[in-house]
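Here is how the chains run, residue by residue.
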Amino acid sequence: MSVVITTGLEPLALLNDLVRIPSVTGDVDAAAARLLEVVADAGFDAHRDIAGNVVMTWGEGAADDEILLLGHLDTVPGEIAVRHDDGRLHGRGTVDAKGPLAAALTAVSRLPRNPGRRVTVIAACDEEGASLGARHLCSRIGPTHLVVLEPSGWDTVTTAYRGCVRVTVTVRRSTTHHAGPFAGAADVLVALLGDAQRALHRDAERAVDRVQMRVNALNTHEDGSSERADAAIEVRIPGGVAVDAILAQLSGLLGDAHLKVVSACEPVAVSRGNPVARALARAITVAGGRPRYTTKTGTSDLNVVLPAWGCAAAVYGPGDCSLDHTPRESIDVGELRRGADVLEAAVRSLR
């Protein structure tokens, strides 16, 4: 009788494959097709759900007794030539967040084919957008243990994120001559936004404790009789500040401007003592590191799924998050491999 020994995926080869296929939010089909092909060859049961997420399962087990590693396949725009030099792999998504995803798939592929419980890796389709993939997942049975795959550095566990409110603000006015004394729609909107930024500002020593309002886009339209100015804004909110409170404050600050909520998620935090955070910390120690903990100023799909599932959870992934969304995005190959080792040890201990 012959024995087949499975050594699992190799993180650099997998990541190199994934980053060579662009997958900007809203256009992930080609990357998803390739990912399905690769993981099926490695022994995963894999499919895309109706939202477009790639769902990859290893082993069998009850749906209510599952370890879930949740990453994302989409990236922000911005082409970066893929190259491997000086021990680093360069390319869009190497850090945010195909690197953590490749590390997780590698880790899971090293487990026994039937690990005694279900282990699932999900590559969400639009974390960089409105998190529609994660919002779809909220309706499934929640896992017992959850690792959200975002870069934190191979020796660091993320335990909290700020929340975020994204809205569009619209001001309408009758058209006036540009040389006249009356403020146009854009003038009014810019003044309102400036007042709102100053009113929402909260001094805090740490960035994660600040309320931060940013204007992401500003457009104007005229049709001869009226003019309209639109702005896309986002407000990042720390723990202890609720989405509803920020929306109420914005409504009062922006007067008769029209507000439309695009998306919103509350701040989220987990205990360092929960089983997932402890498992990751132990695995980092075994790998020769000293576990660190951090709170992120942005958001992740943890903000979306944790309130729905209420399970033990933490966020982890190799890569320098200061390179997220930048033209310098790259990952240290040694760190990528250490991240896979940490994830493997953590998942084994959770079994």
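As a starting point, this report considers the structure included with it. The shown structure was predicted, so the numbers you read here are calculated from the model rather than taken from an experiment. (Residues numbered from 1 in each chain as written. Predicted model: local features only at pLDDT ≥ 70, side-chain atom pairs only at ≥ 80, totals over all residues. Heavy atoms only, no water.)

**Description of the sheet that holds strand 16 (residues 330-332)**
Read from one edge of the open sheet, three strands run 4-5-16, paired in antiparallel fashion. Since the sheet does not close on itself, it has two edges, and those belong to strand 4 (83-85) and strand 16, each with one partner. Geometrically, the sheet is characterised by an average inter-axis angle of 20° between neighbouring strands, direction not taken into account. In this structure, strand 5 (residues 88-90) lies alongside strand 16, joined through three bridges in antiparallel fashion. Residue pairing across strands places His90 opposite Ser330, the latter belonging to strand 16. Here helix 9 (residues 333-350) sits on the sheet and contacts strand 4, strand 5 and strand 16; the angle it forms with strand 16, its principal contact strand, is near 70°. (Pairing = 2+ DSSP bridges. Helix = DSSP H or I, 4+ residues; strand = E, 2+ residues; numbered from the N terminus. Axes fitted to C-alpha atoms, helices over the stretch in contact; angles between N-to-C directions. Contact = heavy atoms within 4.5 Å.)

**Quick look at unusual backbone geometry**
Cis geometry marks the peptide bond from Asp96 to Ala97, where omega comes out at -5°. Of note, Ala97 is situated in the loop between strand 5 and helix 3 (98-109). Even without being glycine, Ser131 reaches a positive phi, approximately 55°. For His325, which is not glycine, the phi torsion reads 65° and is therefore positive. Locating His325 in the fold gives a position in the loop between strand 15 (312-316) and strand 16.

**Observations regarding the nonpolar core**
Generally speaking, soluble globular proteins have nonpolar side chains that are buried together. If you look at the biggest cluster of nonpolar residues, it comprises 56 residues, and the most contacted ones within it are Leu35, Phe44, Met56, Leu69, Leu105, Leu280 and Leu343. Counting residues per element, this core draws most heavily on helix 9, at eight residues. Excluding anything up to four places from it in sequence, Leu343 contacts Leu69, Pro100, Ala103, Ala104, Ala107, Val147, Leu149, Leu280 and Tyr316. The next biggest cluster of nonpolar side chains, apart from the first, holds 24 residues, and it includes Leu192, Val211, Val235 and Val241. (Core = buried A, V, L, I, M, F, W, Y, C linked by side-chain atoms within 4.5 Å. Buried < 20%, exposed > 50% of the residue type's maximum accessible area, 1.4 Å probe, protein only.)

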